[in-house]
Amino acid sequence: MKENIEIVRNIFIILFSIISLAAFSSGNDLIFKMFSSAGTNTYIIGKGKEAVIIDAGGNTKQMLDYIKQNGLTIQYIILTHGHDDHFKELPKLTPVLKCKTAIHQYDFKSLAYVKIYKADLLLKGGEVLELCGLKFEIIHTPGHTGGGICIKVGNKLFSGDTLFFETIGNTVSKSSSYEKLIASIKEKLLILDDKTEVYPGHGGSTTIGHERTFNGFLK
Ligand SMILES: [Zn+2]
């Protein structure tokens, strides 16, 4: 009797594995990967075979290999802000990937640093871009730069140089403002659910709940 129960249990485990595998290979699974170079993070997020790149800060060869190996089509590169450590690889990526670029209108002119004088989409904040089966909510969070944005995709927030693990972005640029940065974080990010995962432009990930409790700048 005990043996029969064991056999039935094993059959269920095998059946469950087959169903899970079928779901996994249905082409609708989430793509989420981080590439780091010299401390700057670039992310790929998408669904199935289509994806969006957030920032273009480095490790380009490894990223292009990953895109090729997985047969991904990149629809957009969305830049969190106009600092060159986050967009310096753009001239190497757009011609190869044939994708569009988006940046906030206030930071757009900084792309001239890499001889880029046009973007396909100038963001204002408040847009919800529907790309690769996902919704990309653009949140204008000025402070680190005038045109800094955070991008919310489901429960993931790409925070650029606005919010880091237990710290905040610097305010040393011409268009920086410490007061605006704190206001942006408190009014536009801390209103999000505690469980929202935060993926910054530098360093490791965190959550809104963790920053609410432990980030000394936000007291
Ligand atoms: Zn920056």
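Before reading on, note that the structure itself is shown above.
S.K.: Tell me about the overall build of the protein, and please be specific about residues and values.
M.R.: Counting secondary structure elements, the protein contains six helices and 14 strands. For the protein, buried positions account for 36% of its 219 residues. Once local pairs closer than 6 in sequence are excluded, the contacts in the protein between residues at least 24 apart make up 52%.

S.K.: Quick rundown of the sheet that holds strand β2 (residues 40-47)? Include the residues and the values.
M.R.: Taken in spatial order, the six strands of this open sheet run β1-β2-β3-β4-β5-β6, and their pairing is mixed. If you trace the sheet from one side to the other, it starts and ends with β1 (30-37) and β6 (121-123), each paired once. Across the sheet, the mean angle from the axis of one strand to that of its neighbour is 20 degrees, orientation sign disregarded. Bridge count for strand β5 (residues 100-104) against β6 is three bridges, and the pairing is parallel. The residue of β6 that forms the bridge with His-104 is Leu-123. Those strands touched by helix α4 (residues 90-97) are β4 (73-78) and β5, and its axis lies near 150 degrees from that of β4.

S.K.: Any chance you could break down the pairing of strand β3 (residues 50-54) for me, citing the residues and the numbers?
M.R.: Where a strand is regular, its side chains alternate between the two sheet faces. Counting buried positions along β3 gives four out of five residues, so the element sits mostly inside the fold. Here β2 pairs with β3 via five bridges, running antiparallel. Looking across to β3, one finds that Gly-46 is bridged to Ala-51. Counted along the chain from β2 to the antiparallel partner β3, the turn is two residues long, and its residue Gly-48 has a positive phi close to 65 degrees. The pairing of β3 with β4 spans five bridges and is classified as parallel. Each bridged residue has a counterpart across the sheet, and for Ala-51 the counterpart in β4 is Ile-74. Following the chain from β3 across helix α2 (residues 60-69) to the adjacent parallel β4, one finds a crossover that is right-handed.

S.K.: I'd like to hear about the sheet that holds strand β8 (residues 134-140), residue by residue, with values.
M.R.: Sheet architecture is open: six strands sit in the order β7-β8-β9-β10-β13-β14, paired in mixed fashion. Of all strands in the sheet, those bounded by a partner on one side alone are β7 (128-131) and β14 (206-207). Here strand β9 (residues 149-153) pairs with strand β10 (residues 156-160) via three bridges, running antiparallel. Residue pairing across strands places Lys-152 opposite Leu-157, the latter belonging to β10.

S.K.: Just give me the short version of the environment of Val-52, but keep the residues and values in it.
M.R.: Within the secondary structure, Val-52 sits in strand β3. Remark: the alpha-carbon pair of Val-52 and Thr-73, spanning 21 residues in sequence, is separated by 8.5 Å. In this structure, Val-52 is in contact with Ile-45, Gly-46, Ile-74, Gln-75, Tyr-76, Ile-78, Leu-131, Cys-132 and Phe-136, ignoring residues within four places of it in sequence.

S.K.: How would you explain helix α5 (residues 178-189) if you had to name every residue and give the values?
M.R.: An α-helix turns once per 3.6 residues; consequently, residues spaced three or four apart project the same way. The terminal C-alpha atoms of α5 lie 16 Å apart, and with twelve residues this matches the ideal 16 Å at 1.5 Å per residue to within 8%. Those residues of α5 that fall on the buried side of the exposure criterion are Leu-181, Ser-184, Ile-185 and Leu-189. The buried residues of α5 occupy an angular sector of 90 degrees when projected down its axis, which confines them to one face. Seen from the open side of α5, the exposed residues pointing more than 90 degrees away from its buried face are Glu-179 and Glu-187. Along its buried surface, α5 packs onto β9, β11 (163-164), β12 (167-168) and α6 (208-214).

How each quantity is defined
- Residues numbered from 1 in each chain as written.
- Predicted model: local features only at pLDDT ≥ 70, side-chain atom pairs only at ≥ 80, totals over all residues.
- Helix = DSSP H or I, 4+ residues; strand = E, 2+ residues; numbered from the N terminus.
- Buried ≥ 20, exposed ≤ 12 C-beta atoms within 10 Å, placed from the backbone.
- Contact = placed C-beta atoms within 7 Å.
- Pairing = 2+ DSSP bridges.
- Axes fitted to C-alpha atoms, helices over the stretch in contact; angles between N-to-C directions.
- Right-handed = clockwise from strand over helix to strand, strands pointing away.
- Expected span 1.5 Å × (residues − 1).
- Arc of directions from axis to C-beta.

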